[in-house]
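A structural walkthrough
Listed below are the residues making up each chain.
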Amino acid sequence: ESSMAVFAFILVAWGIVLDLLLLFALPFVGQCGVMGELIKMAGCDAPLDKFQTLTCWLFAICGCVRALAGFYPTEKGVWYAAASTFFLEVALTIHLSATLNDAAGAIGFCGSA
C-alpha cells in the first residue's frame, strides 16, 4: 500500500504542478519557458496562438484527471482515465511533432508512468 500512496502523491503533484501550473497557467501569463522546452510541438510565444491555447487546455484536462486519480486512489475508474491521459498525450505528441526527437519528452515522461 505504501507504493500506491507514493504513486498517488506523484499523480497529484504531476497533475497540479506540472500540468495545471507549468503547462496550463504559466503560459497564459506569458511565462513560456517550461512549455517551450517540454512541448516542442506547440512551442510557446506570448500571446498564445490558437494551437498553443488548445494545447494548454489539453494539459489542464489531463492534470485534473491525473490529480483526481491521486486524490481518490481506491477508485478504479479514475485510475483508468488517468492512465488513458498518458497514452493520449504520447500519441498526440508523436502525431503532431515534426520529428521523433521533439516527442521524446512525452514518450519518456508519460511512457514511464
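Details of the structure are given in the entry above.
Please read these numbers as outputs of a predicted model, since none were measured by experiment. (Residues numbered from 1 in each chain as written. Predicted model: local features only at pLDDT ≥ 70, side-chain atom pairs only at ≥ 80, totals over all residues. Heavy atoms only, no water.)

**Concerning the state of the cysteines**
Counted according to the given criterion, the structure contains one disulfide. Covalent S-S linkage joins Cys-32 and Cys-44, the inter-sulfur distance amounting to 2.3 Å. An S-S torsion of about -50° defines the bridge between Cys-32 and Cys-44 as left-handed. In this pair, Cys-32 is assigned in the loop between α1 (2-28) and α2 (33-38) and Cys-44 in the loop between α2 and α3 (50-71), connecting sequence segments twelve residues apart. Neither Cys-32 nor Cys-44 differs from the other in exposure class; each is buried. Among the cysteines around Cys-56, which has no disulfide bond, Cys-44 carries the closest sulfur, lying 6.2 Å off. (Disulfide = S-S within 2.5 Å. Helix = DSSP H or I, 4+ residues; strand = E, 2+ residues; numbered from the N terminus. Buried < 20%, exposed > 50% of the residue type's maximum accessible area, 1.4 Å probe, protein only.)

**Considering the nonpolar core**
By size, the foremost hydrophobic cluster in this structure holds 21 residues, and its most contacted members are Leu-23, Met-35, Ile-39 and Ala-69. Every element with two or more residues in this core is listed here: α1, α3 and α4 (76-96). For Ile-39, the contacting residues outside a window of four places in its chain are Leu-23, Val-34, Thr-55 and Phe-59. (Core = buried A, V, L, I, M, F, W, Y, C linked by side-chain atoms within 4.5 Å. Contact = heavy atoms within 4.5 Å.)

**Quick word on the packing of aromatic side chains**
Any two aromatic rings considered together are summarised by their centre-to-centre distance and by the angle between their planes. Applying the stated criterion across every chain yields a total of five aromatic pairs. Their ring planes at 25° and their centres at 5.5 Å tell us that Phe-7 and Trp-79 sit as a pair that is stacked. Of the two residues, Phe-7 is situated in helix α1 and Trp-79 in helix α4; the sequence distance between them amounts to 72 residues. In this structure Trp-79 comes out as buried when scored by relative accessible area, which is 15%. Aromatic side chains Phe-24 and Phe-28 sit 5.3 Å apart centroid to centroid with 70° between the ring planes, which places their arrangement in the edge-to-face category. Of this pair, Phe-24 and Phe-28 both sit in helix α1, four residues apart, which is roughly one turn of that helix. Residue classification places Phe-24 among the buried residues on the basis of a relative accessible area of 17%. Each member of the aromatic cluster is reached from another via a ring pair, and the members are Phe-24, Phe-28 and Trp-57. Residue placement shows Arg-66 over the ring face of Phe-86; its charged tip is 4.1 Å from the ring centre. (Phe/Tyr/Trp six-rings, centres within 6.5 Å; stacked < 30°, edge-to-face > 60°. Lys NZ or Arg CZ within 6 Å of the ring centre and 35° of its normal.)

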